[in-house]
Number of protein chains: 2
Amino acid sequence: MEYIIDPKEIEKRSMEIISDLIGPLDNTVEEQAIIKRIIHTTGDPEYRHVIKIHPEAVANGLEALRQGSKIYTDVRMVLTGINKKKLAQLNSSVECGIDREDVIATALKTGETRAITAMKLFGEQLHDSVVAIGNAPTALFQLLKLVDEGIRPKLIVGTPVGFVGAKESKELLETYDIPYITVAGFKGGSAVAAAAVNALLLQL
Amino acid sequence: MEYIIDPKEIEKRSMEIISDLIGPLDNTVEEQAIIKRIIHTTGDPEYRHVIKIHPEAVANGLEALRQGSKIYTDVRMVLTGINKKKLAQLNSSVECGIDREDVIATALKTGETRAITAMKLFGEQLHDSVVAIGNAPTALFQLLKLVDEGIRPKLIVGTPVGFVGAKESKELLETYDIPYITVAGFKGGSAVAAAAVNALLLQL
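Not measured: the values here are computed from a predicted model. (Residues numbered from 1 in each chain as written. Chains lettered and ligands numbered in written order. Predicted model: local features only at pLDDT ≥ 70, side-chain atom pairs only at ≥ 80, totals over all residues. Heavy atoms only, no water.)

**As for the confidence of the model for chain A**
Part 1: The pLDDT averaged across chain A works out to 95; a share of 98% of its residues lies at or above 70.
Part 2: Across the interface, the model reports ipTM at 0.94; the global pTM reads 0.96. (pLDDT = per-residue confidence, 0-100.)

Here you go:
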């Protein structure tokens, strides 16, 4: 059986097929790159209809990443999915708190989840950073509480997934005047969050 | 805003909602657990219609994992997503070749992709193992060539994603008389592969 094996060629062809599948979009070219990469990652063209991008998300996200701002994630799968080669070129890095010893110890003491605890312990470090939440609605709710307290990430990629709290957490994110990339409804996940970040990284 | 924050409670409620959403299934309870966990992970009830489970997949997969068989993956995101606590309880482990030095060196020499090279270098180790391919169609095609040569994994979780080769690789997998879990069409990905493996692990 013959098939394309060059990863770059596969990706190029994939993006062409996605463009054909979803047809013209009203979004900017940079925003389209985010939408297409998420569809590339999920194999699901329906994302076209549910991805929500704040008008300043691309500019703010690119500026933050260009300046080497750190990326904070809720789960290790988002961290794993982010393009480390591009990050290194930009002198940036990515951190996940869920397995950190102080997070585990604090969560045991307070009875709060590790996802919530990690966001609290990151605290002011999240200011001017890029935060990518791909799994836990509770992490996104906690992050928005920090925003209420004056901590402003440059960009929030908020794509918690699932049927309990995820939709609500993303709807709440959309009410904030802070640059975000999110997904309406139940869909999302760590691969989606990583894809959104990578779509920005690949524009630098 | 009030929301459920206990992760176990979230998961239980989520599974109940998924059961209501997708209605009754013809599959066995164990197979349903796989289907529901994939939907839980993707937020996408449409997976109900595209997940394909070989009749011996659950029995073979559970047997392999119970015996501590190793899990091999194509990409680090699958490895990251697999439940390490359960793996440790079963004296099992998971390995990904994509970043291995010998894989990188061999791929540079042969000009083949690292995904293909990793499968080739795993070679006979894949016999009686669980192989979870969540990203690269080329890895799945290569694995099936090894099966042609007599190497038989106990279970192949094959859910490469995307628009170039993924669908074809999964259709080819379905023609093999080897226990598999796969997804028809474009959808899939590393989170889906990890979810399928975790659904089995959680039954042990």
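**Side note on the environment of Ile71(B)**
All names here are of chain B.
Part 1: Structurally, the position occupied by Ile-71 is in strand β2 (residues 71–73).
Part 2: As a C-alpha pair, Ile-71 and Ser-92 span 21 residues in sequence and 7.7 Å in three-dimensional space.
Part 3: Excluding its chain neighbours within four sequence positions, the residues that come into contact with Ile-71 are Leu-65, Ile-82, Leu-87, Ser-92, Ser-93, Val-94, Glu-95, Val-130, Ala-132 and Val-197. (Helix = DSSP H or I, 4+ residues; strand = E, 2+ residues; numbered from the N terminus. Contact = heavy atoms within 4.5 Å.)

**A few points about the relation of the copies chain A and chain B**
Part 1: If you rotate chain A by 180 degrees and push it 0.0 Å along the axis, it lands on chain B with an RMSD of 0.0 Å. Considering both components of the superposition, the chain copies are consistent with a two-fold axis. The rotation axis passes nearest to the C-alpha of Met77(A) in chain A, at a distance of 2.9 Å.
Part 2: Looking at chain A, 100% of its interface residues are interface residues in chain B too, so the copies touch through the same face. (Least-squares fit on C-alpha atoms with pLDDT ≥ 70 in both.)

**With respect to helix α8 (residues 137–148) of chain B**
Part 1: The terminal C-alpha atoms of α8(B) lie 17 Å apart, and with twelve residues this matches the ideal 16 Å at 1.5 Å per residue to within 8%.
Part 2: The element α8(B) is extensively covered by neighbouring structure, given that ten of its twelve residues are classed as buried.
Part 3: What α8(B) keeps buried is the set Pro137(B), Thr138(B), Ala139(B), Leu140(B), Phe141(B), Gln142(B), Leu143(B), Leu144(B), Leu146(B) and Val147(B).
Part 4: Among the structural elements, α1 (7–22) of chain A together with α7 (114–122), β4 (130–133), β5 (155–158) and α9 (166–174) of chain B are those in contact with the buried residues of α8(B). (Expected span 1.5 Å × (residues − 1). Buried < 20%, exposed > 50% of the residue type's maximum accessible area, 1.4 Å probe, protein only.)

**Description of the packing of aromatic side chains**
Part 1: According to the stated counting rule, one finds four aromatic pairs over all chains in the structure shown.
Part 2: Between Phe163(B) and Phe186(B), the aromatic rings sit 4.7 Å apart at their centres with planes inclined by 45 degrees, giving tilted as the arrangement. Of the two residues, Phe163(B) sits in the loop between β5 and α9 while Phe186(B) sits in the loop between β6 (180–183) and α10 (190–201), which places them 23 residues apart along the sequence.
Part 3: A residue is classified by how much of its surface remains accessible, and Phe163(B), at 7% relative accessible area, is buried.
Part 4: In this structure, Lys187(A) packs its charged tip against the face of Tyr47(A), placed 5.5 Å from the ring centre. (Phe/Tyr/Trp six-rings, centres within 6.5 Å; stacked < 30°, edge-to-face > 60°. Lys NZ or Arg CZ within 6 Å of the ring centre and 35° of its normal.)

**A closer look at the interface of chain A and chain B**
Part 1: The partner chain B presents 40 residues to the 39 residues of chain A that form the contact.
Part 2: Among the elements of the structure, α1, α2 (29–42), α4 (76–81), α8 (137–148), α9 (166–174) and α10 (190–201) of chain A are those that each provide at least two residues to the side of chain A that touches chain B.
Part 3: A per-element tally of the side of chain A that touches chain B places α1(A) first, with seven residues.
Part 4: Looking at side-chain class alone, the side of chain A that touches chain B contains 20 nonpolar, 13 polar and six charged residues. (Nonpolar A, V, L, I, M, F, W, Y, C, P; charged D, E, K, R; others polar.)

**Here we look at the sheet that holds strand β2 (residues 71–73) of chain A**
Residues and elements named next belong to chain A.
Part 1: Strand order in the open sheet formed by six strands is β1-β6-β5-β4-β2-β3, and the pairing between neighbours is mixed. The open sheet has two edge strands, β1 (51–53) and β3 (94–96), and neither has a second partner. Each strand of the sheet is rotated relative to its neighbour by a mean of 15 degrees, with strand direction disregarded.
Part 2: Bridge count for strand β4 (residues 130–133) against strand β5 (residues 155–158) is four bridges, and the pairing is parallel. Following the sheet pairing, Val-131 is matched in β5 by Ile-156.
Part 3: Contacts from α2 reach β1 and β6 (180–183), with the element oriented near 155 degrees to β1. (Pairing = 2+ DSSP bridges. Axes fitted to C-alpha atoms, helices over the stretch in contact; angles between N-to-C directions.)

**Concerning empty space enclosed by the protein**
Part 1: Under the criterion given, the structure shown has one cavity of 30 Å³ or more.
Part 2: Within this model, the largest cavity holds a volume of roughly 160 Å³.
Part 3: Of all elements in the fold, only α2 and α10 of chain A together with α2 (29–42) and α10 of chain B reach the threshold of two or more residues within the lining of the largest cavity.
Part 4: Looking at the lining of the largest cavity residue by residue, the classes come out as six nonpolar, ten polar and three charged. (1 Å grid on protein atoms, 1.4 Å probe; cavity = no way out; pocket = protein on both sides within 12 Å on 5 of 7 lines; lining within 4 Å. Points joined across faces, edges and corners; volume = space filled by probe spheres on them.)

**Digging into the pattern of salt bridges**
Residue and element names in this part refer to chain A.
Part 1: If you walk through the whole model with that rule in mind, you get 22 salt bridges over all chains.
Part 2: One salt bridge connects Lys-154 with Glu-63, and the closest N-O pair in it is separated by 2.8 Å. With a gap of 91 residues between them, Lys-154 in the loop between α8 and β5 and Glu-63 in helix α3 (residues 57–66) connect regions that are remote in the sequence.
Part 3: Its relative accessible area of 15% is what places Lys-154 among the buried residues. (Salt bridge = Lys/Arg side-chain N within 4 Å of Asp/Glu carboxyl O.)

**Some words on α9(A)**
Residue and element names in this part refer to chain A.
Part 1: Residues Ala-166, Ser-169, Lys-170 and Leu-173 constitute the buried set of α9. The arc that holds every buried residue of α9, seen down its axis, measures 95 degrees, which confines them to one face.
Part 2: Summarising the contacts, the buried residues of α9 are in contact with α8, β5 and β6. (Arc of directions from axis to C-beta.)

**Points about a positive patch on the surface**
Part 1: On the surface, Arg76(A), Lys84(A), Arg76(B) and Lys84(B) cluster together into a patch of positive charge.
Part 2: Structurally, Lys84(B) is set in helix α5 (residues 84–89).
Part 3: On the basis of relative accessible area, Lys84(B) is assigned to the partly exposed category, the value being 37%. (Patch = residues over 30% accessible without salt bridge, like charges linked within 9 Å, V, L, I, M, F, W, Y side chains within 5 Å. Areas by Shrake-Rupley, 256 points an atom, 1.4 Å probe, with all protein chains shown as cover. Lys, Arg positive; Asp, Glu negative; His and termini not counted. Charge placed at Lys NZ, Arg CZ, Asp CG, Glu CD.)

**Examining the sheet that holds β5(B)**
Residue and element names in this part refer to chain B.
Part 1: Reading across from one edge, β1-β6-β5-β4-β2-β3 is the order of the six strands in this open sheet, with mixed pairing throughout. Both edges of this open sheet fall to β1 (51–53) and β3 (94–96), since each of them pairs with a single strand only. If you compare each strand with its neighbour and ignore which way they point, the axes differ by 15 degrees on average.
Part 2: For β5 and β6, the ladder comprises three bridges, and the chain directions are parallel. Among the inter-strand pairings, Gly-158 is bridged to a residue of β6, identified as Thr-182.
Part 3: Seen against the sheet, α2 touches β1 and β6 and runs at an angle of roughly 155 degrees to β1.

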